[in-house]
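Residue-level structure breakdown
Here's the letter readout for the chains.
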There are 2 protein chains.
Amino acid sequence: MGKILRVNMSSGEIRTEAVPEKYRGLGGRGLTSKILLEEVVPTCNPLGPYNKLVIAPGMLSGTKAPSSGRISVGGKSPLTGTIKEANAGGTTAQKLASLGINAVIIEGQSVGGKFYILLISEQGAQLIPGDEFKGKGTYEVSERLRARYGNHIGLLQIGPAGEMLMANAGIANNDPEGNSSRYAGRGGLGAVMGSKGLRAIVVDTQKIMDAEIAQPEAFAEAAKKFAKILLDHPVTGQGLPNFGTNVLMNIINEAGALPTKNFRRGRFAKANEISGEKLAEVAVARGGKATHICHPGCVMRCSNIYPMPNGKVCAPIEYESAWALGAHCEIGDLDDVAMLNYICNDVGLDTIEAGGTLGILMEAGVIPWGDGKAAIKALEEVAAGSPLGRIIGNGAVFAAKAFGVTRVGAVKGQHMPAYDPRGAKGIGVTYATSTMGADHTAGYCIATNILKVGGYVDPLKKEGQVDLSRNLQIATAAIDSSGLCLFVAFAVLDNPEGLPTIVEMVNAKYGANLTVDDVISLGQQILKDEREFNTKAGFTKEADRLPDFFLEEEFEPHSTKFDITDDELDSLYNF
Amino acid sequence: MGKILRVNMSSGEIRTEAVPEKYRGLGGRGLTSKILLEEVVPTCNPLGPYNKLVIAPGMLSGTKAPSSGRISVGGKSPLTGTIKEANAGGTTAQKLASLGINAVIIEGQSVGGKFYILLISEQGAQLIPGDEFKGKGTYEVSERLRARYGNHIGLLQIGPAGEMLMANAGIANNDPEGNSSRYAGRGGLGAVMGSKGLRAIVVDTQKIMDAEIAQPEAFAEAAKKFAKILLDHPVTGQGLPNFGTNVLMNIINEAGALPTKNFRRGRFAKANEISGEKLAEVAVARGGKATHICHPGCVMRCSNIYPMPNGKVCAPIEYESAWALGAHCEIGDLDDVAMLNYICNDVGLDTIEAGGTLGILMEAGVIPWGDGKAAIKALEEVAAGSPLGRIIGNGAVFAAKAFGVTRVGAVKGQHMPAYDPRGAKGIGVTYATSTMGADHTAGYCIATNILKVGGYVDPLKKEGQVDLSRNLQIATAAIDSSGLCLFVAFAVLDNPEGLPTIVEMVNAKYGANLTVDDVISLGQQILKDEREFNTKAGFTKEADRLPDFFLEEEFEPHSTKFDITDDELDSLYNF
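Here, residues in each chain are numbered from 1, in the same order as that chain's written sequence. Naming scheme: in the order in which they are written, chains are lettered from A and ligands are numbered from 1. Side-chain atom pairs in this predicted model are given and counted only at pLDDT of 80 or more, local residue features only at pLDDT of at least 70, and totals for whole chains, interfaces and linings cover all residues.

What counts as a helix is a DSSP run of H or I of at least four residues, what counts as a strand is a run of E of at least two, and both are numbered from the N terminus. Across its full length, chain A holds 23 helices and 17 strands. Dimensions along the principal axes, computed over C-alpha positions, put chain A at roughly 60 × 50 × 50 Å. Burial analysis of chain A (575 residues in total) assigns 65% to the buried set. Whether a residue is buried, exposed or partly exposed follows from its count of other C-beta atoms within 10 Å of its own C-beta, namely 20 or more, 12 or fewer, or something in between, respectively; the C-beta atoms are built from the backbone.

Written as structure tokens, this is what we have:
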């Protein structure tokens, strides 16, 4: 019936616990947020001994459900001070789920600042000294651990940024080729892992789709139906499989919602130079791949493999990364963007926050706008741990404070991703009200504002945005628990069979009798749990706000400001 | 009847307004906090255009009331995010009050980042271009402005730290000799002034005790009585006039409440080397002064003038500065402490926060414990604006985050001053609950915990500390409004004639009929106003807490932890 692996880094003790009744049927974000609410004092220091890192595969991970290999990592965030769930692709979720592990809970702190590797296999789990990897990049560590344990391992690891407790440190999950590039990136959970003294988790098993299934035949049938639903939709069946997420660059630019030069404009003259179309062309010409799976069984294969002129390979370059490291900084050279992305992956930083931070350095005049080479040089300081590197590694709000910059597009300490809240107001509502700080995945209103998926809500008008964001935030919380990639939502929103089919898969896996309404209730409960944590941590509605300049400054090409009132924002949590 | 000078830095407009009825009789902190609550949106960016800097002499400033030359500077703090009043000695309060100015309100922001000097004289007020002083230390700017306008001027200025918007930038007020060393230091209001584009305020008048007085004879009599009350008390009549505030170094060390090596112990082996007694000896031997007034008419003359071997003069070295730059960092060389203090004064940093920050650098291993020369070198980076300088200039919590240090003795982002909350639990209550972040002056329980002034509450027991802190916080808010130096409280607490005599002076000045109860009500109202501001800014009781390690770690020589519960802390605001 599943188990929880509890690892105490203070004592070195590892316990296997049966999943308590109250957690039955939960997975992913639903489980990480519930455990955090129950076990972590919300006012604790995120980098102190009382925070916990909770890692949970989704409810459907480790099965043949298409695109179900997402892993949730939760903890109190050192970047935002809120509860946090960061969600990644890669192979580890499938392997943990196949071993019957519903969650790994990392607690306490290692003695004397020592680092360890947590090795999980079919034989059990153990902590192995890991100081030999200290200061090493994630690519090298991945290579060495794969050489030691085999190329089949699932690997979650932090880089030097996480070791140095930087608030923008992420947790990398390996893709099937071993690239440490599928990041549970946002919110600095890599620093939480670093604060525990845990450098990496190795899941040593060949199993990937061996999770227990109560009704295998019904499951297989539902999974097949779900694969067809994904393949039939233009976004999940064509757009993503052909160009990956970066197909959005030209679309969002055309919509005039591509934040450029630290949110001064909605269009970037060199957008096409860093677009998915360009990326596919260059990657293929250099022997890379325009699209690629991040875990076995994904039908959307939206990842990519981009060989760089220096012989290194960046895999993948996602849209939000290309935006942050590109348009936000007015960098229009895809090789520079790729190199910045590679450095983030190697040192262990979230790309969105890192790009946001480089933009702040440009705003401050520390490096020139659009200077990719200067940005690369600055970003290399992170691994060196120099004072500048420490500033960069702690994120955009921190860098802004360091350099006296007040124009910083962040909410609750987390930098906004690749969509201007004035050019797509629904996403602005999500940024403001998400339990996680500015986060596009928490309620991806771009789908309905711009891609016209799940209906259409005019992106430039205020009407309907709060309802849209609320509905998507609730649905997303549920999807983030399922182990399914959030991108399935494109198809699910447009196909009335989508959500019932997910419920069929869950019911078949667990022998349950859930309804679609139960899924909505689950999403609502997750948001309530997270909000309760944040309230207990000292957050009030005053934190659910965008920075003033979005309310005051019109931007090209639209003459709009963010005009959704505080009261309207506060009405989001009406359930 | 007094006027308010309103300076809009965006437009350059300067308006003189009559003091509205609702502000009549208010001064100092009572006035700055009331204006902030009425005029500043509490959620605003402290360094953005919507914050305001409010400068107000006390109710009795500009009179012959002894020790009444304190000035209050208020604004939303970039260090804490709370409302802030920082209070300083020096000559400016007396001069502003003598010109009939109850408050100066600085609003907006200068265009293009230009800096200005606000010149206030008997003829009016004007803004003068001040970019020529950009990057210059406060000593040089003081010298140049005195050369230009005369040695009689009152001068409030920021240093390069404030220009660079560093969250630990203070506002320096001149002493009679022109030393820019009487700081409204805490909470980063120098950065607020810098964000407005205001480098300095020059008050060009010879007048110092010319404020309007309704009943001059009654006033003179009460003032004379009050002077006697101060002179008769052992602390205000002997301790402070003989050795200044640093007489506390050996006393607090003896009491075992002197935080040493980042709060690891309560005694510092070299405390005597940096004590007031030692300071007096060296200062006098070098031709300085053991004690000295910070403004004309002070009977306590607790300041000092300390010539350094390099030919420069540090005036003064206060106890809290000597602690922060000394014991906290295990620096036991008074000349090193003096030089660190001098650099803080020159670049424009609060010494308590700066010392706290240097301790964090030592905790992180960036510089060695006790290495005064390395600390001086690091602190010099602030003026240079290097990445390390930016980190240091933003305070201890910021530096801790930069370097991955979790052991930082701060509340609401502000570093604790010179008293361990486990060795004097009353001050711990004040640190936790003050509207200003960790602040000793907000409710100086050391008086009753250690100096046995105003009775005695055992510093190591929890009983009585919340009541003590509440009473002192209320009384302090009122005294901070009076323009009287807080040190008068030593005498006032022990002499039943003390408070009535203050009320007599206020009544004689304003032709009012206040009672002692009215003063208590005023103090309560100020705290309520400040707390209302903070609540609207998003603060909750969760912010009224000490860092965990004070609750968990016993320290030498006392085997005590801070054991006052959250509920007990929350009971402070029961009025």
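Let us look at helix α1 (residues 28-39) of chain A. All names here are of chain A. Spanning twelve residues, α1 covers 16 Å between terminal C-alpha atoms, matching the ideal 16 Å at 1.5 Å per step. Taken together, the buried positions of α1 are occupied by Gly 28, Arg 29, Gly 30, Leu 31, Thr 32, Ser 33, Lys 34, Ile 35 and Leu 36. Residues are defined as contacting one another if the C-beta atoms placed from their backbone atoms lie within 7 Å. The inward-facing, buried residues of α1 abut β3 (53-57), β4 (71-76), β5 (83-88), β6 (101-107), α18 (465-482) and α21 (516-537). One less than the number of residues in a helix, times 1.5 Å, gives the span that helix is expected to have.

Here the focus is the sheet that holds strand β9 (residues 154-157) of chain B. Residue and element names in this part refer to chain B. Taking strand neighbours across the sheet as the criterion, the six strands line up as β8-β7-β12-β9-β10-β11 in an open arrangement whose pairing is mixed. At either end of the open sheet lies a strand with only one pairing partner, and these are β8 (124-129) and β11 (180-184). Here the strands of the sheet are splayed against their neighbours by 25 degrees on average, with no regard to which way each runs. Of the pairings in the sheet, the one linking β9 to strand β10 (residues 171-174) comprises two bridges and is antiparallel in character. Within β10, the residue paired with Gln 157 across the bridge is Ala 172. Lines fitted to the C-alpha atoms define the axes, with helices restricted to the stretch that makes contact. Angles between their N-to-C directions range from 0 to 180 degrees. Sitting on the sheet, helix α5 (residues 189-196) touches β10, β11 and β12 (198-204), and the angle it makes with β10 is about 95 degrees. Should DSSP find at least two bridges between two strands, the strands are taken to pair.

Time to look at the domain arrangement of chain A. Residue and element names in this part refer to chain A. As used throughout, domain bounds are those supplied by an automatic or database domain assignment. Once the domains are mapped, chain A shows domain 1 (3-204) and domain 2 (242-419). At the interface, 39 residues of domain 1 touch 31 residues of domain 2. Every element with two or more residues in the side of domain 1 that touches domain 2 is listed here: α3 (138-149), α4 (160-163) and β11 (180-184). The element best represented in the side of domain 1 that touches domain 2 is β11, accounting for four residues. Each residue receives one of three labels: charged for Asp, Glu, Lys and Arg, nonpolar for Ala, Val, Leu, Ile, Met, Phe, Trp, Tyr, Cys and Pro, and polar for the others, Gly being one of them. Here the side of domain 1 that touches domain 2 is built from residues that sort into 13 nonpolar, 22 polar and four charged.

This part is about the interface of chain A and chain B. You'll often see interface size given as the accessible area lost when the parts meet. On the side of chain B, 25 residues touch chain A, which itself brings 25 residues to the contact. When residues of the side of chain A that touches chain B are traced back to their parent elements, those giving at least two are α14 (387-393) and α15 (396-402) of chain A. Broken down by element, the residue count for the side of chain A that touches chain B peaks at four residues, all from α14(A).

What follows deals with the relation of the copies chain A and chain B. To line up the copies, we fit them by least squares on C-alpha atoms, keeping just the residues with pLDDT of at least 70 in both. The operation relating chain A to chain B is a screw motion whose rotation component is 180 degrees, with 0.0 Å of axial translation and a residual RMSD of 0.0 Å. The relationship between the two copies is best expressed as a two-fold rotation axis. Closest to the rotation axis within chain A is the C-alpha of A:Pro387, separated from it by 2.7 Å. Mapped onto chain B, 100% of the interface residues of chain A again fall at the interface, so both copies present the same surface.

Here the focus is α18(A). The first and last C-alpha atoms of α18(A) sit 25 Å apart over 18 residues, in line with the 26 Å expected at 1.5 Å per residue. Within α18(A), 16 of the 18 residues are buried, which leaves it mostly tucked inside the rest of the structure.

Residue and element names in this part refer to chain A. Read across the sheet, three strands follow the order β13-β14-β15 without closing on themselves; strand pairing throughout is antiparallel. Each of the sheet's edge strands pairs with one partner strand only, and the pair in question is β13 (289-292) and β15 (313-314). Alignment of β13 against strand β14 (residues 303-307), held across two bridges, turns out to be antiparallel. Paired with Lys 289 across the two strands is Ile 305, which belongs to β14. Running at roughly 55 degrees to β14, helix α9 (residues 276-285) makes contact with β13 and β14 of the sheet.

What follows concerns unusual backbone geometry. The omega angle of the peptide bond from A:Ala315 to A:Pro316 is -5 degrees, so this bond is cis rather than trans. As for its placement among the helices and strands, A:Pro316 is situated in the loop between β15 and α10 (319-325). For A:Lys261, which is not glycine, the phi dihedral falls at a positive 50 degrees. With respect to the element layout, A:Lys261 can be found in the loop between α8 (248-254) and α9. Judged by local crowding, A:Lys261 falls into the partly exposed class, with 16 C-beta atoms found within 10 Å. In this structure, B:Asn262 takes a positive phi of about 55 degrees despite not being glycine. Take B:Asn262: it is sitting in the loop between α8 (248-254) and α9 (276-285).

Time to look at the nonpolar core. Only buried Ala, Val, Leu, Ile, Met, Phe, Trp, Tyr and Cys residues enter a nonpolar core, and they are joined through C-beta atoms within 7 Å. Counting 398 residues, the largest nonpolar core has A:Val202, A:Ala399, A:Met505, B:Val202, B:Ala399 and B:Met505 as the members making the most contacts within it. Among residues more than four places away in sequence, those in contact with B:Ala399 are B:Thr357, B:Ile360, B:Leu361, B:Ile391 and B:Ile392.

Residue and element names in this part refer to chain A. Orientation of helix α11 (residues 334-347) relative to helix α13 (residues 372-384), taken along the N-to-C sense of each, is 5 degrees, at an axis distance of 10 Å. What the angle tells us is that α11 and α13 run roughly parallel. Judged by residue contacts, Asp 336, Met 339, Leu 340, Ile 343 and Val 347 of α11 engage Gly 372, Lys 373, Ala 375, Ile 376, Leu 379, Glu 380, Val 382 and Ala 383 from α13. Across the contact of α11 with α13, the residue classes break down as nine nonpolar, one polar and three charged. Any angle between 65 and 115 degrees counts as roughly perpendicular, while under 35 counts as roughly parallel, over 145 as roughly antiparallel, and the rest as oblique.

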